[in-house]
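Analysis of the macromolecular model
What follows is the residue order along each chain.
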Amino acid sequence: MTEARHPAESPHRREGPVEARPIVDALVPVGGGAIRGILLFGSQLNQAAPSPHSAWDLVVIVDRYGPFHRALVDAGHHRRPAWLLSALGHVLAPNITAFDPGGGAPLAKCAIVSSRRFRRALSPSAPDHFLKGRMVQKVAILWSRSEADTLWIEERLAEARRDVLRWAGPYLEGPFTAEGLAHDMLRVSYGGEVRPESAGRVDAVFEAQREFLGEAYAEVLQWAEREGRVRRRDDGRWESTPEPGAWARLRMSLYFAWSKVRATARWAKHILTFNDWLTYIQRKVERRTGLDIEITPWERRLPLLLLWPKVFRVLASRSSAGPPPSSADR
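With that settled, consider the overall build of the chain. Helix and strand content of the chain: 15 helices and seven strands. Out of the 330 residues in the chain, the part that is buried amounts to 53%. Across the chain, contacts joining residues at least 24 apart in sequence account for 69% of those joining residues at least 6 apart. Total accessible area on the chain stands at roughly 15,600 Å², and carbon and sulfur atoms take up 54% of it.

Have a look at this one:
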């Protein structure tokens, strides 16, 4: 008789930081068989100055929201009703929720997204930049349900990277290298979101991923050359063919503006989907900006009404540092 295999011990489990394994070991069984794949991204993967209290950033791809959220609530990992979480999954996806594996394992911040919405979020028709801006960076597939699922995820990630020239291209200044494209992609991506990081964060994130980004976007440029989208110059740098015009830049400006609107609207959803969301945001802002943020009891009771002065203060401190220089010639 063959011994049953623990779900998290699937042969399709991928390599990743050993510290993340307890999260996978706890999350896969809790998912009730609805999880298709678990991806890791962010500072814990790249070691881009994470603090000991930084959560592990995961994308959890599920078949359908209902079975996953029912299993999550039944296991005691969320206090909201499963029907509400499932309904919210269809509004401004993904749902962001905290997952505590227990046993001293690190906290995970999970973006819960269905396969269909994950595919669209990484495609040229993405409704906003939330997932795409993260998935075009270094990503580790911590676990997948099958080899076919692994290949499907890798195809989606490759599609997202190939799309970078479309939305970052209008902001490139002159010929560029693979590393220059990757750095400016991060600059455009961070500038197109409502984030608490200072301008210097882009440089730190790039340096932490330099080797991966250089190789990944060299492959993107080789693909784009075959497609006739870029041309390699005699000096080894690249240039777009044709050069994006004012209309392309206007379309991307509208895209990023709409993405910020959706990101701001998503904050209201986080209150319902993320346990103790306000404390998490407070600590992240303090880590990223160096500001000391004190939240009063009344602000905790009515955050969407009373916290706006502090939000504007954080955004003002971020923009006062000025944008990082363009690195198209790197």
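The subject of this paragraph is the packing of aromatic side chains. Scanning the entire structure with this criterion turns up four aromatic pairs. A ring pair is formed by Tyr-171 and Phe-256, whose centres lie 6.4 Å apart and whose planes are at 65 degrees; its orientation type is edge-to-face. Here the residue Tyr-171 occupies a position in the loop between helix H8 (164-168) and helix H9 (178-191), and Phe-256 occupies one in helix H11 (residues 246-273), the gap between them amounting to 85 residues. Exposure remark for Phe-256: the relative accessible area of 6% places this residue in the buried category.

Formed by 78 residues in total, the largest nonpolar core has its most connected members in Leu-58, Val-59, Phe-118 and Tyr-217. Ranked by residues supplied to this core, first place goes to helix H10 (residues 200-226) with ten residues.

With that out of the way, let us pick up a nonpolar patch on the surface. A cluster of nonpolar side chains, Trp-247, Leu-250 and Leu-254, forms an exposed patch at the surface whose accessible area comes to about 350 Å². The residue Trp-247 is located in helix H11 in this model.

With that out of the way, let us pick up the side chain of Thr-97. Structurally, Thr-97 can be placed in strand E3 (residues 95-99). You can call Thr-97 buried: its relative accessible area is 6%. Engagement of the side chain of Thr-97 in a polar contact is seen with the side chain of His-78, the distance being 3.3 Å. A distance of 2.9 Å separates the side chain of Thr-97 from the backbone oxygen of Thr-273, its partner in a polar contact. Residues within four places of Thr-97 in sequence aside, it is in contact with His-78, Ala-108, Lys-109, Cys-110, Ile-112, Thr-273 and Phe-274.

Moving on to the pattern of salt bridges. Opposite charge on two side chains permits pairing when their charged atoms draw close. In total, this model carries 18 salt bridges according to the counting rule given. A salt bridge links Arg-231 to Glu-239, with the shortest nitrogen-to-oxygen separation between them at 2.0 Å. Three or more residues joined by partner-sharing salt bridges are found here, namely Arg-231, Arg-233, Asp-235, Arg-237 and Glu-239.

Attention shifts here to the sheet that holds strand E5 (residues 140-144). Judged by pairing direction, the sheet is mixed, and its five strands sit side by side in the order E3-E4-E2-E1-E5 without closing on themselves. The outermost strands of the open sheet, each flanked by one partner alone, are E3 and E5. Adjacent strand axes in the sheet meet at a mean angle of 25 degrees, parallel and antiparallel pairs treated alike. Strand direction decides the pairing type here: strand E1 (residues 35-41) and strand E2 (residues 56-62), joined by six bridges, are antiparallel. Residue pairing across strands places Leu-39 opposite Val-59, the latter belonging to E2.

Quick look at unusual backbone geometry now. Between Ala-93 and the following residue, Pro-94, the backbone shows a cis peptide bond with an omega angle of 10 degrees. One non-glycine residue, Leu-92, adopts positive backbone phi at about 50 degrees. For Leu-92, the location among the structural elements is in the loop between helix H4 (82-88) and E3.

Okay, the confidence of the model for the chain next. Averaged over all residues, the pLDDT of the chain equals 85, while 78% of them reach at least 70. For the chain, per-element mean pLDDT is lowest for helix H12 (residues 277-289), which scores 58, and highest for helix H5 (residues 115-121), which scores 98. Between residues 1-7, whose pLDDT stays under 50, and residues either more than four places distant or in other chains, the model counts six contacts. Per-residue pLDDT stays below 50 along residues 321-330; that stretch engages in 30 contacts with residues further than four places along the chain or on separate chains.

Here is what the cut-offs are and how they apply
- Residues numbered from 1 in each chain as written.
- Predicted model: local features only at pLDDT ≥ 70, side-chain atom pairs only at ≥ 80, totals over all residues.
- Heavy atoms only, no water.
- Helix = DSSP H or I, 4+ residues; strand = E, 2+ residues; numbered from the N terminus.
- Buried < 20%, exposed > 50% of the residue type's maximum accessible area, 1.4 Å probe, protein only.
- Contact = heavy atoms within 4.5 Å.
- Areas by Shrake-Rupley, 256 points an atom, 1.4 Å probe, with all protein chains shown as cover.
- Phe/Tyr/Trp six-rings, centres within 6.5 Å; stacked < 30°, edge-to-face > 60°.
- Core = buried A, V, L, I, M, F, W, Y, C linked by side-chain atoms within 4.5 Å.
- Patch = residues over 30% accessible without salt bridge, like charges linked within 9 Å, V, L, I, M, F, W, Y side chains within 5 Å.
- Salt bridge = Lys/Arg side-chain N within 4 Å of Asp/Glu carboxyl O.
- Polar contact = N/O pair within 3.5 Å; in protein donor to acceptor, adjacent residues only side chain to side chain.
- Pairing = 2+ DSSP bridges.
- Axes fitted to C-alpha atoms, helices over the stretch in contact; angles between N-to-C directions.
- pLDDT = per-residue confidence, 0-100.

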